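# Survey of secondary and tertiary structure
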Amino acid sequence: MSLVVFPFRYDDLDVFERSVRIAASHPSVSSVLAIGDLAPRADVVAEAREVAGDTPVEVVQQERVGSLRPGKGDAMLTGIRRFLADAAADRLHFYDADIRTFSHDWISRAEHALDDGADVAKHWFHRASTDAQITWHITKAGSALLWPDSRYPDVHQPLGGEFALTRDAAQALWDEPEVRRRSDWGIDTTITFTLLRSGMTIHEVFVPEGKAHGSYASLADLDRMLFECLDALQRLGPIELPPSGHLIMDAEGPVTAQIADSIVYDVAATRAFLDQPLPPETEPLLEAHPVLLPDEPAAWDNDRWGAALRALLDGFVLGDPVWEAVTFRAWVLRVLHHTDVHVPNGHPAALAALAHAVEAIRRS
Ligand code: DGY
């Protein structure tokens, strides 16, 4: 039987109840654990109990487990720790609590993949051609630079927070100090790395209905995530990742019109942001690393981004405002380059360009 964990935020309770109801009524689910960023609120606990019916449900606050900024990583680590201490469940599922398209199928697909022998079932789904820009330009491209012979760059959604694990896989994560310290957005990068490194079989299960969820308005909403994902890669960089890696991939279905046509960030606001000059304190860093100079978006092709990413992986310092300003600007320019050059060609061509960029960096 399975424990389903929902990390959630109290400022985003939109479809929380619906998600708990769905999980609690699935025949493979023995209990549900909702892990919030704040102390449990009485109304939320009462709602969760009501919709869960006879299935045990707990609402708790995330514990302090990791040693970086307290964030999503602490919520996931709390879930892993509680699961390992609970002998009643033999599988652990994680889902964001705000997925509007969440249904029994998400759980069933993962259960089937584990029944078929995988250690990990990792959901993946189509995303808009302007979405997943940390995934593509940082995580997939960065892993292609660091571990070109491994399967890491092939994982569809290495930052995805929806997956199911066997007890052995959850234990392998808990036993890895790099996972256990990662209380922030770097958790997903590090989980994907650790699962591949420990030789777990990962089955990427395709979700045809996609993940409709709350979105961000501006790329600036993603700055912390960007820095913490980059830092996670940087820390893992010196560790070897062998070429073997057991990745099973479901065939993908068609892209829905809604995903194919959507632009997920505010392009005009992002261009306006570029009109603000970088602070003067960034000048020495830019002199030392001219590849990071904020040239026009047109300049940020694959060669330029590969070289810039190398410089970032070598030098970036999490929490240093100068490195963070320069890194954010470089990434925004790369995203705009992609938006200007490839997105107008349609979803298939834009996605092909993103995949091609990762392969070009991998071979460089
Ligand atoms: C990513 O890049 O995958 C992040 O979720 C932002 O879209």
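Bear in mind that the values here come from a model prediction, so they are computed numbers and not experimental data.

Reading the values: rules and limits
Residues numbered from 1 in each chain as written. Predicted model: local features only at pLDDT ≥ 70, side-chain atom pairs only at ≥ 80, totals over all residues. Heavy atoms only, no water. Axes fitted to C-alpha atoms, helices over the stretch in contact; angles between N-to-C directions. Helix = DSSP H or I, 4+ residues; strand = E, 2+ residues; numbered from the N terminus. Left-handed = near helix turned anticlockwise from the far one by under 90°. Contact = heavy atoms within 4.5 Å. Nonpolar A, V, L, I, M, F, W, Y, C, P; charged D, E, K, R; others polar. Buried < 20%, exposed > 50% of the residue type's maximum accessible area, 1.4 Å probe, protein only. Pairing = 2+ DSSP bridges. Right-handed = clockwise from strand over helix to strand, strands pointing away. Near = heavy atom within 4 Å. Polar contact = N/O pair within 3.5 Å; in protein donor to acceptor, adjacent residues only side chain to side chain. Areas by Shrake-Rupley, 256 points an atom, 1.4 Å probe, with all protein chains shown as cover. 1 Å grid on protein atoms, 1.4 Å probe; cavity = no way out; pocket = protein on both sides within 12 Å on 5 of 7 lines; lining within 4 Å. Points joined across faces, edges and corners; volume = space filled by probe spheres on them. Phe/Tyr/Trp six-rings, centres within 6.5 Å; stacked < 30°, edge-to-face > 60°. Lys NZ or Arg CZ within 6 Å of the ring centre and 35° of its normal.

Think of two packed helices as two axes; the pair is described by the angle between the axes and how far apart they sit. Helix H8 (residues 187-197) packs onto helix H6 (residues 167-174) with a crossing angle of 115° between their chain directions and a minimal axis gap of 10 Å. For the element pair H6 and H8, the recorded crossing hand is right-handed. Here Ala169, Ala172 and Leu173 of H6 lie close against H8, whose contacting residues are Ile191, Thr194 and Leu195. When its residues are assigned to classes, the contact of H6 with H8 shows 5 nonpolar, 1 polar and no charged.

Taking burial as the measure, the 8 residues of strand E2 (residues 29-36) include 7 buried ones, the bulk of the element. Where strand E1 (residues 2-8) meets E2, 7 bridges bridge the pair, whose relative direction is parallel. Bridging from a neighbouring strand, Pro7 pairs with Ile35 of E2. Handedness of the crossover is the feature at issue here: the chain leaves E1, passes through helix H1 (residues 16-24), returns alongside E2, and the resulting connection is right-handed. Bridge count for E2 against strand E3 (residues 57-61) is 5 bridges, and the pairing is parallel. Counterpart to Ile35 in the pairing with E3 is Val60. A crossover connection joins E2 to the parallel E3 through helix H2 (residues 42-52); in handedness this β-α-β unit is right-handed.

Our focus in this paragraph is the site of the ligand. For the ligand, the set of nearby residues contains 9 residues, the closest of which are Arg127, Asp131, Ala132, Ile134 and Thr135. Take Gln133: an N or O atom from its main chain is 3.3 Å from an oxygen atom of the ligand. Contacts to the ligand include Thr135, whose side-chain N or O atom sits 2.5 Å from an oxygen atom. Burial of the ligand by the protein chains amounts to 89% of its free accessible area of 230 Å². It is helix H5 (residues 133-146) that contributes the most residues to the shell around the ligand, 3 residues altogether. Broken down by class, the residue content of the shell around the ligand amounts to 5 nonpolar, 2 polar and 2 charged.

This part covers the side chain of His203. Within the secondary structure, His203 is located in strand E7 (residues 201-206). Once you skip the residues sitting within four places of it in the chain, His203 turns out to touch Ala113, Ala118, Val120, Ala121, Lys122, Ile248 and Asp250.

So, on to H1. The set of residues buried in H1 consists of Phe16, Ser19, Val20, Ile22, Ala23 and Ala24. Of the surrounding secondary structure, the elements contacted by the buried residues of H1 are E1, E2, H2, E3 and helix H4 (104-115).

The subject of this paragraph is the layout of surface pockets. Of the volumes computed, that of the second largest pocket is approximately 420 Å³. Along the wall of the second largest pocket there are 21 residues; nearest its centre are Trp124, Trp136, His156, Glu252 and Leu351. Contributions of two or more residues to the lining of the second largest pocket are made by H5 and helix H15 (347-363). No other element matches the 6 residues that H15 contributes to the lining of the second largest pocket. Looking at the lining of the second largest pocket residue by residue, the classes come out as 11 nonpolar, 5 polar and 5 charged.

Turning next to the packing of H8 against helix H9 (residues 223-236). Contact pair H8 / H9: the axes reach a minimum separation of 8 Å and the direction vectors enclose 35°. Taken together, the residues of H9 that come into contact with H8 (itself represented by Thr189, Thr190 and Phe193) are Cys229, Ala232, Leu233 and Leu236. Grouping the amino acids of the contact of H8 with H9 by side-chain chemistry returns 5 nonpolar, 2 polar and no charged.

Let's shift gears to the packing of aromatic side chains. According to the stated counting rule, one finds 15 aromatic pairs in the structure shown. Both rings, one in Tyr95 and one in Phe102, keep their centres 4.9 Å apart while their planes meet at 50°; by these two values the pair is tilted. Phe102 shares its class with Tyr95; the two are buried. An aromatic cluster is built from Phe6, Tyr95, Phe102, Trp106 and Phe125, whose rings are joined through pairwise contacts. A cation sits over an aromatic face here: Lys140 above Trp136, 5.0 Å from the ring centre. A cation over an aromatic ring shows up here: Arg304 above the ring of Trp300, its NZ or CZ 4.1 Å from the ring centre.

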